[in-house]
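Chain by chain, the residues run as shown.
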Amino acid sequence: MDKKLLKQAIELAKANVEDGGGPFGAIIVKEGVIISSAANKVTQKNDPTAHAEVLAIRQAAEKLGTWNLEGCELYTSCEPCPMCMGAVYWAHLDKVYYASGHEDARKAGFDDSEIYSEMKKDVKDRKLSMHQEMRAEGNEAFAKWMEKVDREEY
């Protein structure tokens, strides 16, 4: 763990607040070299997915020319939210180092507790109304995928 990199992620977050963004910064490193860095741009881009971690993952994947970021580490100013953790797992990052925790974020108005709670519930019991329709037709895409001999598993 490199404290200088974590401090740099924190500094990105603080500078982003000064620029009108959210208090989050993230850096992706491979073999001690910074591959990407980003700050939260949700309000600047009007994009609810423009979290620092997601933006850093997108940049790293583009720079490295791969969706698989094995061998990379994430340094982030705050414990990743559920969406960002999903992105971390999908990207196959090796490690995550973070400064503030999700309880610290909650106290600052960034409360993910409802999402954590909702994900534990059965689909029919969630606050967000969800309806499954046309399952057989939807599964046709999966059947095509399974038949494809040269598919790239991810």
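Residues numbered from 1 in each chain as written. Predicted model: local features only at pLDDT ≥ 70, side-chain atom pairs only at ≥ 80, totals over all residues. Heavy atoms only, no water.

A.B. asks: What is the right way to look at unusual backbone geometry in this model?
C.D. replies: Peptide bonds are mostly trans, and most non-glycine residues show a negative phi. The backbone of N46 sits at a positive phi, close to 50°, despite the residue not being glycine. For N46, the position within the fold is in the loop between α2 (42-45) and α3 (52-64). By relative accessible area, which is 71% here, N46 ends up exposed. Look at M134: it is not a glycine, yet its phi comes out positive at around 55°. Turning to its location among the elements, M134 is positioned in the loop between α6 (113-120) and α7 (135-147). (Helix = DSSP H or I, 4+ residues; strand = E, 2+ residues; numbered from the N terminus. Buried < 20%, exposed > 50% of the residue type's maximum accessible area, 1.4 Å probe, protein only.)

A.B. asks: Where do I start with the pairing of strand β2 (residues 33-39) in this structure?
C.D. replies: As judged from the six bridges shared by strand β1 (residues 25-30) and β2, these two strands associate in the antiparallel manner. Residue pairing across strands places A26 opposite A38, the latter belonging to β2. Connecting the antiparallel pair β1 and β2 is a turn made up of two residues, with E31 showing a positive phi of about 50°. (Pairing = 2+ DSSP bridges.)

A.B. asks: Would you mind going over the packing of aromatic side chains with me for this structure?
C.D. replies: Two descriptors summarise a pair of aromatic rings, namely the distance from one centre to the other and the angle between the planes of the rings. Inspection of every chain in the model, using the stated rule, returns five aromatic pairs. Centroid distance W145 to Y154: 6.3 Å. Interplanar angle 75°. Geometry classified as edge-to-face. Relative accessible area serves as the criterion here: at 30%, W145 is assigned to the partly exposed category. An aromatic cluster is built from W67, W90, W145 and Y154, whose rings are joined through pairwise contacts. (Phe/Tyr/Trp six-rings, centres within 6.5 Å; stacked < 30°, edge-to-face > 60°.)

A.B. asks: It is not clear to me how a nonpolar patch on the surface should be interpreted in this structure. Could you clarify?
C.D. replies: The grouping of W67, W90 and Y154 at the surface amounts to a nonpolar patch, some 410 Å² of accessible area in total. Mapped onto the secondary structure, Y154 falls in the segment after α7. (Patch = residues over 30% accessible without salt bridge, like charges linked within 9 Å, V, L, I, M, F, W, Y side chains within 5 Å. Areas by Shrake-Rupley, 256 points an atom, 1.4 Å probe, with all protein chains shown as cover. Salt bridge = Lys/Arg side-chain N within 4 Å of Asp/Glu carboxyl O.)

A.B. asks: I tried to follow the nonpolar core on my own but got confused; where do I start?
C.D. replies: The tendency in soluble globular proteins is for nonpolar side chains to be buried side by side. Among the nonpolar cores identified, the biggest contains 23 residues, and I28, I57, L69, L74 and L93 are the most heavily contacted of them. Of all the elements in the fold, those that place two or more residues in this core are β1, β2, α3, β3 (72-78) and α4 (82-91). Broken down by element, this core gets its largest block of residues, six residues, from α3. Those residues in contact with L69, other than ones at most four positions away along the chain, are I28, I57, A60, A61, L64, A91, H92 and L93. Counting residues in hydrophobic clusters, the runner-up holds seven residues, among them L5, L6, V29 and Y75. (Core = buried A, V, L, I, M, F, W, Y, C linked by side-chain atoms within 4.5 Å. Contact = heavy atoms within 4.5 Å.)

A.B. asks: Help me out: how do you make sense of empty space enclosed by the protein in this one?
C.D. replies: Where empty space is left becomes clear once a probe the size of a water molecule has been rolled over the atoms. What the rule picks out here adds up to one cavity of 30 Å³ or more. If you add up the space inside the largest cavity, you get close to 40 Å³. Of all the elements in the fold, those that place two or more residues in the lining of the largest cavity are α5 (102-107) and α6. Counting residues per element, the lining of the largest cavity draws most heavily on α5, at three residues. (1 Å grid on protein atoms, 1.4 Å probe; cavity = no way out; pocket = protein on both sides within 12 Å on 5 of 7 lines; lining within 4 Å. Points joined across faces, edges and corners; volume = space filled by probe spheres on them.)

A.B. asks: Looking at this structure, how should I read the side chain of E53?
C.D. replies: Take E53: it is sitting in helix α3. Among buried Asp, Glu, Lys and Arg side chains, E53 stands out as unpaired, with R58 the closest opposite charge at 11 Å. Beyond its immediate sequence surroundings of up to four residues, E53 is in contact with A26, L74, T76, C78, P80 and C84. (Lys, Arg positive; Asp, Glu negative; His and termini not counted.)

A.B. asks: What is the right way to read the environment of M1 from this model?
C.D. replies: Secondary-structure assignment places M1 in the segment before α1 (3-18). Assessed through its relative accessible area of 52%, M1 is described here as exposed. Taking the C-alpha atoms as reference points, M1 and L93, 92 residues apart in sequence, are found 14 Å from one another. Once residues within four sequence positions are removed from consideration, M1 is found in contact with L6, Y75 and Y97.

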